[in-house]
Amino acid sequence: QCEEAAYEERWYPAGKWACVTKGEPMYEQSISMSFMKLMRYICKENSVGCYLGMTVPVLNEIHLTKEGTELEREVLTAYYLPGEFQQNPPVPMDPEIHITERAPLRVITRVFYGMTTEETILREISLFWELLGSTDTVLRETYIVAAYENPSIPQRRNEIWFICRA
């Protein structure tokens, strides 16, 4: 059945993430600047001075304006620290990178491909709401765009995450 594969529910455990918040004029600018900062941290600019290893997905937490018609400027981009660094995360050299303990997360996810712009994200959120129908089990103002590939890949795999209420 096509309908069954439209979305899935997932649970993620609590853990430590390296996070950067940017509020550039365009969503793509914010995520690309944040991703570059996180890549430098992952590659060497950390207190252990070595490559930490890449984990996916990289999360971009977004908020809709009150009207729900556009994205707020501030985007939080987060990289999950690999298992061996969860207990004692290497300190970032960049003061804009913060190590944050995130609570467990239950999400409903749906895959989409291509570039992530404000326009495509708003379209995906809207399509997802049509599929889900009316529900109050998920947040309406905060969403996550999960990226599985480098932002420069044009047909990259992404997911839109609806966050389930605790």
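Above this note sits the structure.
Read on for a plain summary of the structure. For every chain, the first residue of its written sequence is number 1, and the numbers climb from 1 along that sequence. In keeping with the predicted nature of the model, local features appear solely for residues at pLDDT of at least 70, side-chain atom pairs appear and are counted solely at 80 or more, and the whole-chain, interface and lining totals rest on all residues. Side-chain measures here rest on the full set of heavy atoms in the structure, leaving out hydrogens and waters.

## Comments concerning the pattern of salt bridges
Right, so step 1: Should a side-chain nitrogen of Lys or Arg be within 4 Å of a carboxyl oxygen of Asp or Glu, the pair is scored as a salt bridge. A full pass over the atoms with the stated rule returns ten salt bridges.
Right, so step 2: In this structure, arginine 10 and glutamate 8 form a salt bridge, with 3.2 Å as the shortest nitrogen-oxygen distance.
Right, so step 3: The classification of residues rests on relative accessible area computed with a 1.4 Å probe and restricted to protein chains. Under 20% of the type maximum is buried, over 50% is exposed, and intermediate values are partly exposed. Of the residues examined, glutamate 8 reaches a relative accessible area of 42% and is grouped as partly exposed.
Right, so step 4: Put simply, arginine 10 and glutamate 159 hold a salt bridge, and the shortest N to O gap is 2.7 Å. In this pair, arginine 10 sits in strand β1 (residues 8–12) while glutamate 159 sits in strand β8 (residues 157–164), placing the two residues 149 residues apart along the sequence.
Right, so step 5: Since its relative accessible area comes to 17%, arginine 10 is described here as buried.
Right, so step 6: Take glutamate 159: its relative accessible area is 0%, and that puts it in the buried class.
Right, so step 7: Through salt bridges with shared partners, a single network forms among Glu8, Arg10, Arg157 and Glu159. Think of it this way: any DSSP run of H or I at least four residues long counts as a helix, any run of E at least two long counts as a strand, and we number them from the N terminus.

## Some thoughts on the sheet that holds strand β2 (residues 15–22)
Right, so step 1: By the convention used here, strands pair only if DSSP detects at least 2 bridges between them. The strand order across the open sheet formed by eight strands is β1-β6-β8-β7-β3-β4-β2-β5, and the pairing between neighbours is antiparallel. Edge positions in the open sheet fall to β1 and β5 (98–102), since each of these has one partner strand only. Taking each pair of neighbouring strands and ignoring which way they run, the sheet shows an average axis angle of 35 degrees.
Right, so step 2: The sheet contact formed by strand β7 (residues 138–147) and β8 spans six bridges and is antiparallel. Counted as the bridge partner of valine 138 is cysteine 164 from β8.
Right, so step 3: When checking whether two residues touch, look at their non-hydrogen atoms; a contact exists if any pair is within 4.5 Å. Axis lines are fitted through C-alpha atoms, for helices just across the contact stretch, and the angle between N-to-C directions can take any value from 0 to 180 degrees. Helix α2 (residues 118–132) rests against β3 (58–63), β6 (105–113), β7 and β8 of the sheet, and its axis sits at about 115 degrees to β6.

## Thoughts on the pairing of β8
Right, so step 1: Counting buried residues in β8 gives seven out of eight residues, a clear majority hidden from the surface.
Right, so step 2: Across seven bridges, β6 lies against β8 in antiparallel orientation. Paired with arginine 110 across the bridge in β8 is isoleucine 160.

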